[in-house]
Amino acid sequence: IIAAIVMRLYQLNAPLLADEAYTYNAFASKSLWQTISDYHLPNNHVLLSIMVNILTHLFGNQVWLIRLPTMIAGVLMVPAGYVLAHKLYGRNAAVLSAAFIAVFPILVMYSVWARGYGIVSFITLLTLILGVYVRKNKNRFAWFLLIIFSAAGFFTVPIMLFPFGALYFWLFLSWAIGEQ
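The following paragraphs examine the structure supplied in this document.

The rules we used
- Residues numbered from 1 in each chain as written.
- Predicted model: local features only at pLDDT ≥ 70, side-chain atom pairs only at ≥ 80, totals over all residues.
- Heavy atoms only, no water.
- Helix = DSSP H or I, 4+ residues; strand = E, 2+ residues; numbered from the N terminus.
- Buried < 20%, exposed > 50% of the residue type's maximum accessible area, 1.4 Å probe, protein only.
- Contact = heavy atoms within 4.5 Å.
- Areas by Shrake-Rupley, 256 points an atom, 1.4 Å probe, with all protein chains shown as cover.
- Salt bridge = Lys/Arg side-chain N within 4 Å of Asp/Glu carboxyl O.
- Axes fitted to C-alpha atoms, helices over the stretch in contact; angles between N-to-C directions.
- Parallel < 35°, antiparallel > 145°, perpendicular 65-115°, else oblique.
- Left-handed = near helix turned anticlockwise from the far one by under 90°.
- Nonpolar A, V, L, I, M, F, W, Y, C, P; charged D, E, K, R; others polar.

1. Some words on the overall build of the protein chain
In terms of regular secondary structure, the protein chain is built from ten helices and zero strands. Walking the protein chain from its N terminus toward its C terminus, one meets helices and strands in the order α-α-α-α-α-α-α-α-α-α. Within the span of the protein chain, comprising 180 residues, buried residues form 40% of the whole. Restricting to contacts in the protein chain with at least 6 residues of sequence separation, those with at least 24 account for 67%. Accessible surface, the protein chain as shown: approximately 10,000 Å² in total, 72% of it carbon and sulfur.

Below you can see the structure in the form of C-alpha coordinates.
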(Lines give C-alpha, C1' and ligand atoms only; values in the text may rest on other atoms or scores of the structure.)
Protein backbone atom coordinates (compact mmCIF):
# COMPACT_ATOMS: atom_id res chain seq x y z
CA ILE A 1 0.00 0.00 0.00
CA ILE A 2 2.87 2.35 0.79
CA ALA A 3 4.44 1.70 -2.62
CA ALA A 4 1.08 2.38 -4.27
CA ILE A 5 0.71 5.67 -2.42
CA VAL A 6 4.25 6.81 -3.21
CA MET A 7 4.00 5.96 -6.92
CA ARG A 8 0.68 7.75 -7.25
CA LEU A 9 1.67 10.81 -5.20
CA TYR A 10 4.63 11.29 -7.52
CA GLN A 11 2.25 11.94 -10.45
CA LEU A 12 -0.62 13.63 -8.61
CA ASN A 13 0.28 17.23 -9.53
CA ALA A 14 1.23 16.66 -13.17
CA PRO A 15 -0.66 18.95 -15.57
CA LEU A 16 -4.20 17.83 -16.36
CA LEU A 17 -4.72 15.99 -19.63
CA ALA A 18 -7.37 17.08 -22.12
CA ASP A 19 -10.02 14.58 -20.93
CA GLU A 20 -9.44 15.49 -17.31
CA ALA A 21 -9.65 19.22 -17.99
CA TYR A 22 -12.77 18.80 -20.11
CA THR A 23 -14.46 16.71 -17.42
CA TYR A 24 -13.72 19.35 -14.84
CA ASN A 25 -14.71 22.34 -17.00
CA ALA A 26 -17.82 20.82 -18.59
CA PHE A 27 -19.19 18.85 -15.66
CA ALA A 28 -17.50 18.96 -12.24
CA SER A 29 -17.13 22.76 -12.03
CA LYS A 30 -20.87 23.32 -12.51
CA SER A 31 -23.62 23.02 -9.91
CA LEU A 32 -24.07 19.60 -8.35
CA TRP A 33 -27.38 19.16 -10.19
CA GLN A 34 -25.74 19.94 -13.54
CA THR A 35 -22.93 17.52 -12.75
CA ILE A 36 -25.38 14.73 -11.99
CA SER A 37 -27.82 15.36 -14.82
CA ASP A 38 -25.62 16.38 -17.76
CA TYR A 39 -24.59 13.43 -19.90
CA HIS A 40 -24.33 15.14 -23.26
CA LEU A 41 -21.08 13.27 -23.81
CA PRO A 42 -19.90 9.99 -22.31
CA ASN A 43 -16.89 11.94 -21.04
CA ASN A 44 -18.87 12.59 -17.86
CA HIS A 45 -17.90 9.75 -15.55
CA VAL A 46 -20.72 10.79 -13.27
CA LEU A 47 -19.71 9.32 -9.90
CA LEU A 48 -16.19 10.73 -10.28
CA SER A 49 -17.57 14.08 -11.44
CA ILE A 50 -19.80 14.25 -8.36
CA MET A 51 -16.86 13.57 -6.05
CA VAL A 52 -14.69 16.14 -7.84
CA ASN A 53 -17.56 18.65 -7.75
CA ILE A 54 -17.95 18.31 -4.00
CA LEU A 55 -14.21 18.41 -3.28
CA THR A 56 -13.48 21.41 -5.50
CA HIS A 57 -16.49 23.36 -4.29
CA LEU A 58 -15.40 22.78 -0.69
CA PHE A 59 -11.63 23.15 -1.01
CA GLY A 60 -10.83 24.86 -4.34
CA ASN A 61 -9.89 23.65 -7.79
CA GLN A 62 -6.42 22.25 -7.23
CA VAL A 63 -5.11 19.56 -9.58
CA TRP A 64 -4.44 17.17 -6.71
CA LEU A 65 -8.04 17.57 -5.47
CA ILE A 66 -9.41 16.83 -8.93
CA ARG A 67 -7.37 13.62 -9.00
CA LEU A 68 -7.80 12.61 -5.35
CA PRO A 69 -10.89 10.34 -5.71
CA THR A 70 -9.24 8.33 -8.46
CA MET A 71 -6.02 8.09 -6.50
CA ILE A 72 -7.82 6.82 -3.41
CA ALA A 73 -9.60 4.19 -5.52
CA GLY A 74 -6.26 3.22 -7.09
CA VAL A 75 -4.63 2.74 -3.71
CA LEU A 76 -7.62 0.79 -2.39
CA MET A 77 -7.26 -1.57 -5.36
CA VAL A 78 -4.16 -2.99 -3.67
CA PRO A 79 -5.93 -4.50 -0.62
CA ALA A 80 -8.98 -5.37 -2.73
CA GLY A 81 -6.79 -7.24 -5.22
CA TYR A 82 -5.09 -8.99 -2.32
CA VAL A 83 -8.43 -10.12 -0.83
CA LEU A 84 -9.77 -11.37 -4.18
CA ALA A 85 -6.61 -13.30 -5.05
CA HIS A 86 -6.42 -14.73 -1.53
CA LYS A 87 -10.00 -16.00 -1.73
CA LEU A 88 -9.42 -17.57 -5.13
CA TYR A 89 -5.79 -18.74 -5.07
CA GLY A 90 -4.19 -18.34 -1.64
CA ARG A 91 -1.67 -16.12 0.09
CA ASN A 92 1.22 -16.26 -2.40
CA ALA A 93 -0.97 -15.23 -5.32
CA ALA A 94 -2.52 -12.53 -3.15
CA VAL A 95 0.83 -10.96 -2.28
CA LEU A 96 1.92 -11.07 -5.91
CA SER A 97 -1.39 -9.56 -7.07
CA ALA A 98 -1.20 -6.73 -4.56
CA ALA A 99 2.41 -5.99 -5.54
CA PHE A 100 1.56 -5.87 -9.24
CA ILE A 101 -1.47 -3.65 -8.65
CA ALA A 102 0.67 -1.29 -6.56
CA VAL A 103 3.40 -0.77 -9.17
CA PHE A 104 2.10 -1.81 -12.61
CA PRO A 105 2.56 1.37 -14.71
CA ILE A 106 -0.81 1.35 -16.50
CA LEU A 107 -2.66 0.86 -13.20
CA VAL A 108 -0.66 3.66 -11.60
CA MET A 109 -1.42 5.92 -14.54
CA TYR A 110 -5.16 5.21 -14.56
CA SER A 111 -5.37 5.60 -10.81
CA VAL A 112 -3.90 9.09 -11.00
CA TRP A 113 -5.79 10.52 -13.97
CA ALA A 114 -9.09 12.17 -13.05
CA ARG A 115 -11.12 9.67 -15.06
CA GLY A 116 -13.55 7.02 -13.87
CA TYR A 117 -11.59 3.98 -15.01
CA GLY A 118 -9.62 3.61 -11.76
CA ILE A 119 -12.84 3.82 -9.78
CA VAL A 120 -14.51 1.21 -12.00
CA SER A 121 -11.47 -1.04 -11.57
CA PHE A 122 -11.77 -0.77 -7.79
CA ILE A 123 -15.52 -1.38 -7.92
CA THR A 124 -14.92 -4.38 -10.18
CA LEU A 125 -12.62 -5.92 -7.58
CA LEU A 126 -15.25 -5.31 -4.88
CA THR A 127 -17.99 -6.93 -6.97
CA LEU A 128 -15.78 -9.93 -7.72
CA ILE A 129 -14.98 -10.35 -4.01
CA LEU A 130 -18.71 -10.26 -3.27
CA GLY A 131 -19.37 -12.61 -6.19
CA VAL A 132 -17.00 -15.20 -4.72
CA TYR A 133 -18.79 -14.83 -1.39
CA VAL A 134 -22.41 -14.98 -2.66
CA ARG A 135 -21.59 -17.99 -4.82
CA LYS A 136 -21.10 -20.06 -1.67
CA ASN A 137 -23.17 -18.20 0.93
CA LYS A 138 -26.82 -17.27 0.96
CA ASN A 139 -26.57 -13.74 2.28
CA ARG A 140 -29.03 -11.05 1.24
CA PHE A 141 -26.89 -8.23 2.58
CA ALA A 142 -23.97 -9.39 0.41
CA TRP A 143 -26.32 -9.47 -2.61
CA PHE A 144 -27.52 -5.98 -1.69
CA LEU A 145 -23.92 -4.73 -1.58
CA LEU A 146 -23.23 -6.43 -4.89
CA ILE A 147 -26.16 -4.56 -6.43
CA ILE A 148 -25.08 -1.23 -4.90
CA PHE A 149 -21.47 -1.58 -6.07
CA SER A 150 -22.57 -2.66 -9.54
CA ALA A 151 -24.89 0.34 -9.80
CA ALA A 152 -22.07 2.63 -8.65
CA GLY A 153 -19.85 1.16 -11.36
CA PHE A 154 -22.47 1.80 -14.04
CA PHE A 155 -22.97 5.30 -12.64
CA THR A 156 -19.24 5.90 -13.06
CA VAL A 157 -18.59 4.51 -16.55
CA PRO A 158 -20.91 2.41 -18.74
CA ILE A 159 -18.04 -0.02 -19.50
CA MET A 160 -18.96 -1.55 -16.14
CA LEU A 161 -21.15 -3.71 -18.36
CA PHE A 162 -18.16 -5.94 -19.12
CA PRO A 163 -17.12 -6.89 -15.56
CA PHE A 164 -20.79 -6.98 -14.52
CA GLY A 165 -21.64 -9.33 -17.39
CA ALA A 166 -18.61 -11.53 -16.72
CA LEU A 167 -19.45 -11.83 -13.04
CA TYR A 168 -23.08 -12.75 -13.59
CA PHE A 169 -22.20 -15.16 -16.41
CA TRP A 170 -19.73 -16.86 -14.04
CA LEU A 171 -22.35 -16.97 -11.25
CA PHE A 172 -24.89 -18.41 -13.68
CA LEU A 173 -22.49 -21.09 -14.92
CA SER A 174 -21.54 -21.98 -11.33
CA TRP A 175 -25.22 -22.37 -10.50
CA ALA A 176 -25.96 -24.31 -13.71
CA ILE A 177 -23.29 -26.93 -13.10
CA GLY A 178 -24.16 -27.15 -9.39
CA GLU A 179 -20.80 -25.85 -8.18
CA GLN A 180 -20.84 -24.69 -4.58
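Additional details are given in the paragraphs that follow.
2. Some thoughts on the pattern of salt bridges
Per the stated rule, a full pass over the model turns up one salt bridge. Its salt-bridge partner being Glu20, residue Arg67 comes within 2.8 Å of it at the nearest N-O pair. With a gap of 47 residues between them, Arg67 in helix α5 (residues 63-89) and Glu20 in helix α2 (residues 18-28) connect regions that are remote in the sequence.

3. What to know about the environment of Val108
Locating Val108 in the fold gives a position in helix α7 (residues 105-110). In sequence terms Val108 and Glu20 are 88 residues apart; their C-alpha atoms lie 16 Å from each other. With sequence-adjacent residues up to four places away left out, Val108 is seen in contact with Met7, Arg8, Gln11, Ala102 and Val103.

4. Thoughts on the side chain of Ser174
By the secondary structure assignment, Ser174 is in helix α10 (residues 161-176). Aside from chain neighbours lying at most four places away, what touches Ser174 is Arg135 and Glu179.

5. Side note on the side chain of Ser150
The residue Ser150 is located in helix α9 (residues 140-156) in this model. Residue Ser150 is classed as buried on the basis of its relative accessible area, which comes to 4%. When neighbours within four sequence positions are excluded, Ser150 is seen to be in contact with Thr127, Met160 and Phe164.

6. As for the packing of helix α4 (residues 46-59) against α5
For any two helices packed against each other, one specifies the inter-axial angle together with the distance between the axes. Two numbers describe how α4 lies on α5: the axes approach to 9 Å, and their chain directions differ by 140 degrees. What the angle tells us is that α4 and α5 run oblique. Crossing hand, α4 versus α5: right-handed. Together, Leu48, Met51, Val52, Leu55, Thr56 and Phe59 of α4 and Leu65, Ile66, Leu68, Pro69 and Thr70 of α5 make up the contact between the two elements. Grouping the constituent residues of the contact of α4 with α5 by class yields nine nonpolar, two polar and no charged.

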